[in-house]
Amino acid sequence: MTTTLGIPIPDCQARAQQAAERRARLAPSATQRGAGYTTVNGDETAFGAGRLANYHKALPHDLLGRVHAPTYNAMVAALTTGDSGSLETLAIGANRSNSGPFDDANPPQYAIYPGGAPDYRKMTSPLTGLVGDTQGADAGAFAISPAPVIASAEFAAEMAELYAMALCRDVPFTDLAAATGNASGGITVQGVIDALENVPFLNGGAVGNLPAAARRRYDTRGTITGGNALFRGSTRGSRHGHWTSQYLLTGNTNDRPAGSFVNLNGSNAPNNAAGPSFRGIFAEVGQNDGFVFYGTQIIDQRNIVAQPNVDYLTNWAAWLDSQNGVNANNFDVFLGRRRFLTTPRDIATYVHFDALYQAYHVACLIMLNGAGFPIERGLPETRSATRSAFASFGGPHVLSLVTEVATRGLKAVWRQKWMHHRRMRPEVAGALITLHADNPGHFGNGDLADAVNALTAQIPASLLQAVAARNASANAASAIQPKPNLTTDFPGFPDIQEANNYLLPMAFPEGSPTHPAYGAGHATVAGACVTVLKAFFEMFEADGVTERAWPWTVFTPDFAAGNQNEGGELKPSADQAGYTVQGELDKLAMNIANARNMAGVHFYTDYFESIRLGERIAVSILEEQLSLYDEPISMSFTTFDGEPIRIVANGGTSRVLVDGTRSEDWYGRYGN
């Protein structure tokens, strides 16, 4: 006879019924988190069939960058209806040939590439925004505000900042903070700052009457220039101290007790006694060594970085090939040594090759394996005298969720990108400014010429002159050169003079990815992943109000004067005050998102709106998960807008409180 001390309650069929009821309760929340109504800025249809003012990369274009209208219209029809069969017929990717025959739907290549003519790129996951999900809010439940129109003061500010970032791409972050040293193109860092201070949207002279623009101006810009304010984010933590988050620099401390190591001769030895000669686990290391423990392996915070002063898409032939989908991937040139992230180009290289959620996975390992990062006090095991967190609210839970939310965020932002906004990439805006400088008649559309004229007029001439000089220098040294005789072999090919070449210098040889700019995938994932970390770990001191201070020494990288063979050194920062755990997480989200801006592939508003989209997605998932527990739970942190937020649950129900009130308005805040 089989006996047992007890059986779980509920069990078997009762448990199955409970599971069904719980899932049914969650079903309405998939679409009831916000209005989900998206409006667009109108640029796509405002300037004629050439669609010069929106996204169509990898499709065929004419000599002036106007998209092949039949292909573009077929693409939009297939996107909005989910017609995957029609997408397969478009003149993109493998349907193109670099050996001809050449026509309007298959233009030739206009540049010469090392190794011969490359193949063609494909669209990146264009139908992902139509995919459903069973966890968190549906991809269509959230919206983001319309992107700034091309003639607006905000758009001009974004382009001025992108030009400034490109000019400062090889300036160490410490020099940017001190406003010292030289940018490229014959302008100093202080000259860049002076120029940005004259941009109307940035100095408050022109904001416009759109609620979204006013919100972004109020929340983010303040003083954008001078010292630590240059190229910063929209959260308090992202504006404080060294530009790079400690989570991208520091390592763990090896704090194993004395006697736990074994010398090479087999004898026990204390931590500081002779042991293995390598630097890493089982060696004496501290946070300043930059090693993060991953079980018995280590992650080294030093990075492979790109060669300084090598930019791309700085001549019309290479730019036009890129728009036509020519695959210039893997023409990167790298520095001969690794190092800690030291310059904007370094972190741009990081986000060129990262695993998207990589930085937050490493941050989670730092917090799980380092003293000073307690788990959120509102979680059951944290306050228990007998239970420790593992399967619930422990390492396996947070490590899986901090990466899992990335796919949910991508579905939502890909819906915004492909199904709604189809916003141009910054490299296209630079081309419009260049075409206008060469000949406003290129546009064949007076309204577009007027819009680009208004855009150009708000960008400081000193920045444009420096960009032209930078491009001339880049073109002289580039391994990718225009074919000879383009203007005679292809009548109508624009003869862009060096002094009028305002193409945006790109950090990536292929330019932007083959999906629209708005919103940003990296930024949405940043918002979602950082939100999970803020929810799982304690963000406040014992009073529940004061932000928890950063528990370790604050470091800055020193490559030039440090140990270059080891990739530089982390040195204690001169200023140790004001750093917080939550602030460095917010800074981490800004670092990764704005690194894409520093590479030239995204705008500031892509970052601003998208980290908040990711935040809402993560909160919706946490709200659902907490409702499945039978005991009281709470998570508390601060939103990217600076408001206190709590996710609370008690026996099968959960809710989100933002600044003490229910969350409906917060979930739907950004759709206008």
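Anything mentioned here points back to the structure above.
We now turn to the structure provided with this report. (Residues numbered from 1 in each chain as written. Predicted model: local features only at pLDDT ≥ 70, side-chain atom pairs only at ≥ 80, totals over all residues. Heavy atoms only, no water.)

## Remarks on the packing of helix 5 (residues 153-167) against helix 14 (residues 426-438)
Working step 1: Put simply, helix 5 and helix 14 touch, their axes get as near as 11 Å, and they point 100° apart. One finds that helix 5 runs roughly perpendicular with respect to helix 14. Note on element contacts: helix 14 touches helix 5 through Pro426, Ala429, Gly430 and Ile433, opposite Phe155, Met159, Leu162 and Tyr163.
Working step 2: Residues of the contact of helix 5 with helix 14, tallied by class, amount to seven nonpolar, one polar and no charged. (Axes fitted to C-alpha atoms, helices over the stretch in contact; angles between N-to-C directions. Helix = DSSP H or I, 4+ residues; strand = E, 2+ residues; numbered from the N terminus. Parallel < 35°, antiparallel > 145°, perpendicular 65-115°, else oblique. Contact = heavy atoms within 4.5 Å. Nonpolar A, V, L, I, M, F, W, Y, C, P; charged D, E, K, R; others polar.)

## Regarding the packing of aromatic side chains
Working step 1: Within the structure shown, the criterion is met by 18 aromatic pairs.
Working step 2: Ring centres 6.0 Å apart and planes at 35° place the aromatic pair Tyr113 and Phe331 in the tilted group. Of this pair, Tyr113 sits in the loop between strand 1 (111-112) and helix 5 while Phe331 sits in the loop between helix 10 (316-323) and helix 11 (344-353), placing them 218 residues apart in sequence.
Working step 3: Looking at Tyr113, the relative accessible area reads 7%, which means it is buried.
Working step 4: Where Phe155 meets Phe603, the ring centres are 5.3 Å apart and the plane angle is 50°; that geometry is what we call tilted. Here the residue Phe155 occupies a position in helix 5, and Phe603 occupies one in the loop between helix 19 (581-599) and helix 20 (604-626), the gap between them amounting to 448 residues. Neither residue differs from the other here; Phe155 and Phe603 are each classed as buried.
Working step 5: Through a chain of ring-to-ring contacts, three or more aromatic side chains come together here, namely Tyr247, Phe373, Trp550 and Trp552.
Working step 6: Above the ring of Tyr120, the side-chain terminus of Arg96 is found at 4.5 Å from the ring centroid.
Working step 7: Between the NZ or CZ atom of Arg616 and the centre of the ring of Phe142, over which it lies, the distance is 5.3 Å. (Phe/Tyr/Trp six-rings, centres within 6.5 Å; stacked < 30°, edge-to-face > 60°. Buried < 20%, exposed > 50% of the residue type's maximum accessible area, 1.4 Å probe, protein only. Lys NZ or Arg CZ within 6 Å of the ring centre and 35° of its normal.)

## Topic: helix 18 (residues 521-536)
Working step 1: Under the 1.5 Å per step criterion, the end-to-end length of helix 18 is 23 Å for 16 residues, consistent within 8% with the ideal 22 Å.
Working step 2: Among the 16 residues in helix 18, 16 count as buried, and that is most of the element. (Expected span 1.5 Å × (residues − 1).)

## Here's the deal with the state of the cysteines
Working step 1: Applying the stated criterion across every chain, the model contains zero disulfides.
Working step 2: Cys364 forms no disulfide, and the closest cysteine sulfur to it belongs to Cys529, at a distance of 10.0 Å.
Working step 3: Residue classification places Cys364 among the buried residues on the basis of a relative accessible area of 0%. (Disulfide = S-S within 2.5 Å.)

## Brief notes about the nonpolar core
Working step 1: The biggest cluster of nonpolar side chains holds 180 residues, and the ones touching the most others in it are Leu196, Phe231, Tyr247 and Tyr360.
Working step 2: The greatest single-element share of this core, amounting to 12 residues, is contributed by helix 5. (Core = buried A, V, L, I, M, F, W, Y, C linked by side-chain atoms within 4.5 Å.)

## Details of helix 15 (residues 446-457)
Working step 1: Under the 1.5 Å per step criterion, the end-to-end length of helix 15 is 16 Å for 12 residues, consistent within 8% with the ideal 16 Å.
Working step 2: Every buried residue of helix 15 is accounted for by Leu448, Ala449, Ala451, Val452, Leu455 and Thr456. Down the axis of helix 15, the smallest arc covering the buried residues is 165°, so these residues share one side. Facing away from the buried side of helix 15, by more than 90 degrees, are the exposed residues Asp447, Asp450 and Ala457.
Working step 3: The inward-facing, buried residues of helix 15 contact helix 5, helix 14 and helix 16 (461-477).
Working step 4: Residue Asn445 occupies the N-cap position of helix 15, its side-chain oxygen lying 3.0 Å from the main-chain nitrogen of Asp447. (Arc of directions from axis to C-beta. Polar contact = N/O pair within 3.5 Å; in protein donor to acceptor, adjacent residues only side chain to side chain.)

## Overview of the sheet that holds strand 11 (residues 654-658)
Working step 1: Pairing is antiparallel across the open sheet formed by four strands, whose spatial order is 9-10-11-12. The open sheet is flanked by strand 9 (633-638) and strand 12 (661-662), the only strands paired with a single partner.
Working step 2: Where strand 9 meets strand 10 (residues 644-649), six bridges bridge the pair, whose relative direction is antiparallel. The residue bridging Phe637 from the neighbouring strand is Ile645, located in strand 10.
Working step 3: Taken strand by strand, helix 20 contacts strand 9, strand 10 and strand 11, and its axis lies near 25° from that of strand 10. (Pairing = 2+ DSSP bridges.)

## Quick look at the pattern of salt bridges
Where charged atoms from two side chains of opposite charge come close, those side chains can pair.
Working step 1: Scanning the entire structure with this criterion turns up 26 salt bridges.
Working step 2: In this structure, Asp311 and Arg470 form a salt bridge, with 2.9 Å as the shortest nitrogen-oxygen distance. Highlighted residues: Asp311 in the loop between strand 5 (297-300) and helix 10 and Arg470 in helix 16, separated in sequence by 159 residues.
Working step 3: A salt bridge links Asp346 to Arg339; its shortest N-O distance comes to 2.8 Å. In this pair, the class of Asp346 matches that of Arg339, namely buried.
Working step 4: Connected through salt bridges with shared partners, the residues Arg169, Asp170, Asp311, Arg345 and Arg470 form a single ionic network. (Salt bridge = Lys/Arg side-chain N within 4 Å of Asp/Glu carboxyl O.)

## A short note on the pairing of strand 4 (residues 291-294)
Working step 1: As judged from the four bridges shared by strand 4 and strand 5, these two strands associate in the antiparallel manner. In the strand pairing of strand 5, Phe291 is matched with Asp300.
Working step 2: Turn length for the strand 4-strand 5 hairpin, with the two strands adjacent in sequence and antiparallel, is two residues, and the turn residue Gly295 shows positive phi of about 65°.

## Some remarks on the environment of Ala549
Working step 1: Take Ala549: it is sitting in the loop between helix 18 and strand 7 (555-558).
Working step 2: For Ala549, a relative accessible area of 39% puts it in the partly exposed group.
Working step 3: Considered as a pair, Ala549 and Gly562 are 13 residues apart in the sequence and their alpha carbons are 28 Å apart.

## Side note on unusual backbone geometry
Working step 1: A cis geometry characterises the amide bond from Gly100 onward to Pro101, with omega recorded as 0°.
Working step 2: Along the polypeptide, Pro101 turns up in the loop between helix 4 (84-87) and strand 1.
Working step 3: Residue Cys12 is not a glycine yet carries a positive backbone phi of 50°.
Working step 4: Structurally, Cys12 is set in helix 1 (residues 12-26).

## Considering the side chain of Glu643
Working step 1: Examined against the element boundaries, Glu643 turns out to sit in the loop between strand 9 and strand 10.
Working step 2: Every residue in contact with Glu643, bar those within four places of it in the chain, is listed here: Phe637, Thr638, Val658, Asp659, Trp666 and Arg669.

## Here's the deal with the side chain of Asp311
Working step 1: By relative accessible area, which is 4% here, Asp311 ends up buried.
Working step 2: Reaching out from Asp311, the side chain makes a polar contact with the side chain of Arg345 at a distance of 3.0 Å.
Working step 3: For Asp311, the side chain forms a polar contact with the side chain of Arg470, separated by 2.9 Å.
Working step 4: The residues contacting Asp311, other than those within four sequence positions of it, are Arg169, Arg345, Arg470, Ala474, Pro505, Met506 and Ala507.

Function-wise, these values are silent; they only describe arrangement.
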